[in-house]
Amino acid sequence: MNIAGTPTRSIRPLPDRSGVEIIDQTRLPHALVFRTLRTLEAAAEAIQTMQVRGAPLIGATAAYGLALALAEAASEAHIDAACARLAATRPTAVNLRWALERMRARLLSLPAEARRAAAWAEAAAICDEDVAINEAIARHGLALIRDRYAATGRTLNLMTHCNAGWLATVDWGTALAPIYAAHDAGVPVHVWVSETRPRNQGAALTAWELASHGVPHTVIADNAAGHLMRQGQVDMVLVGADRVAVNGDVANKIGTYLKALAAHDNGIPFYVAVPGPTIDWRLADGAGIPIEARDASEVTHIRGLAEDGRLLDVRLAPAASPAANPAFDVTPARLITGLITERGVCPASRAGLRALYPEHTDG
Ligand code: MRU
């Protein structure tokens, strides 16, 4: 996507392989700050503190984190220790495990002296593949949006949750990719952006992305979604995924399940954009998906820009009140109209996924 007219990926290796440049997403939408990660620890911390976030970008950052780790040593023991550090950063998005397993297998197939160059090449391949996957998701999702537009003949009101845009991937995004494609193709769309408490990825990141690309949108409180659906103001819901089980159950940002319930009750199509690396072929259903529990302070406090330009954290809840912060939920397959993958759209079911990915016989 373009930043001030310049095509920019969310993660970019430095040409001399001394580091990887990222956008510090904790500073958006108030400041666009680039940061260079130069060590394994810096990469792990960037994932843990959500300077980079979103399932595909977490995987890509971990891949580069491993490449950075090889500057010190390239033994199997060193690679395993680096993988363990990176794998422990965030539990829910399976892209992290997928990227690390792919990197490890590639590196251990080579003699130690060839591993450093191979790590940078493999991480770059993961990034390039992510972009190609998202372009394909954009095409398949665009066809769905076009069909819906043909049926209504007026501006389509789409709804999304969290941020599944280019910031969450290497480029284009997953759920937002078809929306960008529709907008660019001249299909009139308007996007309801749910703020996504507690970290507000919708209000901060999705709104910033859509505004930068000129896509008409409106930020809403999460709690407004059901009301808008009942009022007939939502034509389609499009969300991303952090882990999809073999039966089509989907883990995504907390609050996704409530939107799926409301969409189901109102007969509104509810689609999940799913890159292949987000499917966990080892998990039979969503019950086994690990749900990240984040710090209670994300619920009890909120960050915003003060009038004087300072970023401030302010308390919302009484100091004596405990808070819980599950960061993801699982939407059962029965509430999902379809999964938009890079290989096409399929029902959220074992048969649907198997038909598109016949090479996966496990799970
Ligand atoms: O906690 P986050 O911001 O990493 O959660 C991100 C999401 O839930 C996204 O919807 C998901 O990763 C899909 S990103 C293309």
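The structure presented is a predicted model; accordingly, all values stated were derived computationally and were not measured.

**Section: the site of the ligand**
- As a matter of local geometry, the ligand sits amid 19 residues, with R53, R90, D242, N252 and K253 nearest to it.
- One of the side-chain N or O atoms of R53 is found 2.8 Å from an oxygen atom in the ligand.
- In the environment of the ligand, an oxygen atom lies 2.7 Å from a nitrogen or oxygen atom belonging to the side chain of N252.
- Going through the elements one at a time, α2 (55–69) and β11 (250–253) are the ones with two or more residues in the shell around the ligand.

**Quick word on the packing of helix α3 (residues 76–87) against helix α4 (residues 94–108)**
- Between α3 and α4, whose axes approach to 10 Å, the crossing angle comes to 175 degrees. Accordingly, the angle class assigned to the pair α3 and α4 is roughly antiparallel. Taken together, the residues of α4 that come into contact with α3 (itself represented by E76, I79, D80, C83, L86 and A87) are L96, L100, R104, L107 and L108.
- By residue class, the composition of the contact of α3 with α4 is 8 nonpolar, no polar and 3 charged.

**Section: the pairing of strand β4 (residues 20–23)**
- Pairing between strand β3 (residues 11–13) and β4: 3 bridges, direction antiparallel. Of the residues in β4, the one forming a bridge with P13 is V20.
- With 4 bridges joining them, β4 and strand β5 (residues 34–37) adopt antiparallel strand pairing. Across the sheet, residue I22 finds its bridge partner in β5, namely R35.

**A few points about the nonpolar core**
- Ranked by size, the top nonpolar core spans 42 residues in total, and within it I11, L66 and L86 carry the most contacts.
- Elements with a minimum of two residues in this core: β4, α1 (40–48), α2, α3, α4 and α5 (112–152).
- It is α2 that provides the largest number of residues to this core, a total of 11 residues.
- Apart from residues no more than four positions distant in its own chain, I11 is found in contact with V20, E21, I22, L57, A60, T61, Y64, C127 and V170.
- Within the second largest apolar cluster, 36 residues are counted, among which are I3, L28, W208 and M236.

**A closer look at α2**
- The end-to-end C-alpha separation of α2 is 21 Å, in line with the 21 Å expected for 15 residues at 1.5 Å each.
- In terms of burial, α2 is largely enclosed, as 15 of its 15 residues are buried.

**Focus on helix α7 (residues 201–213)**
- The end-to-end C-alpha distance of α7, which contains 13 residues, comes to 17 Å, matching closely the 18 Å that a straight helix rising 1.5 Å per residue would cover.
- Within α7, the axis deviates most sharply at A207, by approximately 25 degrees.
- Of all the residues in α7, the buried ones are Q201, G202, A204, L205, T206, A207, W208, E209 and L210.
- In this fold, the buried residues of α7 make contact with β1 (2–3), β6 (156–160), α6 (176–184), β7 (189–194), β8 (217–220) and β11.
- In the stretch just after α7, G214 is the one whose phi turns positive, near 80 degrees.

**Examining the environment of C162**
- Position of C162 among the secondary structure elements: in the loop between β6 and α6.
- When the C-alpha atoms of C162 and N252 are compared, they prove to be 8.7 Å apart, with 90 residues separating the residues in sequence.
- Filtering out sequence-adjacent residues up to four positions away, C162 remains in contact with R53, S194, T196, Q201, G202, T206 and K253.

**Some remarks on the domain arrangement of the protein chain**
- By domain assignment, the protein chain separates into domain 1 (2–129) and domain 2 (136–356).
- Contacts between the two partners involve 32 residues from domain 1 and, on the opposite side, 33 residues from domain 2.
- The interface formed by domain 1 and domain 2 contains 3 salt bridges.
- Notably, a salt bridge pairs R90 with E292, separated by 2.8 Å at the nearest N-O pair.
- One can count 14 residue pairs in polar contact (both at pLDDT 80 or more) joining domain 1 with domain 2.
- Listed by contribution, the elements that provide at least two residues to the side of domain 1 that touches domain 2 are α2 and α4.

Reading the values: the criteria
- Residues numbered from 1 in each chain as written.
- Predicted model: local features only at pLDDT ≥ 70, side-chain atom pairs only at ≥ 80, totals over all residues.
- Heavy atoms only, no water.
- Near = heavy atom within 4 Å.
- Polar contact = N/O pair within 3.5 Å; in protein donor to acceptor, adjacent residues only side chain to side chain.
- Helix = DSSP H or I, 4+ residues; strand = E, 2+ residues; numbered from the N terminus.
- Axes fitted to C-alpha atoms, helices over the stretch in contact; angles between N-to-C directions.
- Parallel < 35°, antiparallel > 145°, perpendicular 65-115°, else oblique.
- Contact = heavy atoms within 4.5 Å.
- Nonpolar A, V, L, I, M, F, W, Y, C, P; charged D, E, K, R; others polar.
- Pairing = 2+ DSSP bridges.
- Core = buried A, V, L, I, M, F, W, Y, C linked by side-chain atoms within 4.5 Å.
- Buried < 20%, exposed > 50% of the residue type's maximum accessible area, 1.4 Å probe, protein only.
- Expected span 1.5 Å × (residues − 1).
- Bend = angle between axes of the 7 residues up to and from the residue.
- Domains from an automatic or database assignment.
- Salt bridge = Lys/Arg side-chain N within 4 Å of Asp/Glu carboxyl O.

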